[in-house]
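# Chains, contacts and geometry: an overview
Residue strings, one per chain:
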Amino acid sequence: MLDCTFCRIIAHEMEGELVYEDDEVVAFHDINPQAPVHVLIVPRKHIASLNDLAPEDVHLIGKMVLVAKKVAEQMGITADGYRLIWNTGENAGQWIYHVHIHLLGGRRMTWPPG
Ligand code: AMP
Ligand code: ZN
């Protein structure tokens, strides 16, 4: 999927500020950060959105959450807290159709989100 921005970052064809990488999951800084820490956690496998998850993706999705936890530790935001967001579809404002978790932290956040 070389027309996909995140597939291109994963393939090192496009620049990304990587903070974590393994054989299944990659994490990099968001280009337009909404908090002092704003990292995107993405699977190497191209899955367009949560709507496209298959039962066999259950391990991968769990792994993404564990990577988010690990990156939060790496960024020093574990104790103060952080937010994980999965935007899905138009109403949620999903812009890039390659499934990703937003890891946001480093500031106090409000609820409900906008
Ligand atoms: P979403 O609205 O959930 O699809 O979020 C997509 C996110 O990807 C946005 O927060 C963008 O700022 C971010 N983004 C778009 N292009 C890039 C890029 N080339 N490198 C890093 N982050 C990006
Ligand atoms: Zn992709």
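With antiparallel pairing, 5 strands are arranged side by side in an open sheet as β1-β2-β3-β5-β4. The sheet is open, and its two edges are formed by β1 (18-21) and β4 (82-85), each paired on a single side. Across this sheet, the average inter-strand angle for adjacent strands is 20°, counted without regard to direction. In this structure, β1 lies alongside strand β2 (residues 25-29), joined through 3 bridges in antiparallel fashion. For L18, the partnering residue across the bridge sits in β2 and is F28. Across the sheet, helix α2 (residues 58-75) is in contact with β1, β2, β3 (37-43), β4 and β5 (101-105); its angle to β3 comes to roughly 155°.

With that settled, the discussion passes to the site of ligand 1. If you check the shell around ligand 1, you find 17 residues, and the closest are D30, G93, W95, H100 and H102. Within the backbone of I31, an N or O atom sits 3.1 Å from a nitrogen atom of ligand 1. The contact in question runs from an oxygen atom of ligand 1 to an N or O atom on the side chain of H100, over 2.7 Å. Taken by itself ligand 1 offers 510 Å² of open surface, and the protein chains cover 90% of this. Counting residues per element, the ones that place at least two in the shell around ligand 1 are α1 (5-10) and β2. With 3 residues, the single largest contributor to the shell around ligand 1 is α1. Residue composition of the shell around ligand 1, grouped by class: 8 nonpolar, 8 polar and 1 charged.

Moving on: the nonpolar core. When a protein is soluble and globular, its nonpolar side chains tend to lie buried together. Judged by nonpolar contacts, the single largest core of 19 residues is most densely connected at A27, V39, I41, V71 and L103. The contacts of V71, once residues within four sequence positions are left out, are V19, Y20, A27, V39 and L103. If you look at the next biggest cluster of nonpolar residues, it comprises 10 residues, including I10, L40, V42 and I96.

Reading guide: rules and limits
- Residues numbered from 1 in each chain as written.
- Chains lettered and ligands numbered in written order.
- Predicted model: local features only at pLDDT ≥ 70, side-chain atom pairs only at ≥ 80, totals over all residues.
- Heavy atoms only, no water.
- Pairing = 2+ DSSP bridges.
- Helix = DSSP H or I, 4+ residues; strand = E, 2+ residues; numbered from the N terminus.
- Axes fitted to C-alpha atoms, helices over the stretch in contact; angles between N-to-C directions.
- Contact = heavy atoms within 4.5 Å.
- Near = heavy atom within 4 Å.
- Polar contact = N/O pair within 3.5 Å; in protein donor to acceptor, adjacent residues only side chain to side chain.
- Areas by Shrake-Rupley, 256 points an atom, 1.4 Å probe, with all protein chains shown as cover.
- Nonpolar A, V, L, I, M, F, W, Y, C, P; charged D, E, K, R; others polar.
- Core = buried A, V, L, I, M, F, W, Y, C linked by side-chain atoms within 4.5 Å.
- Buried < 20%, exposed > 50% of the residue type's maximum accessible area, 1.4 Å probe, protein only.

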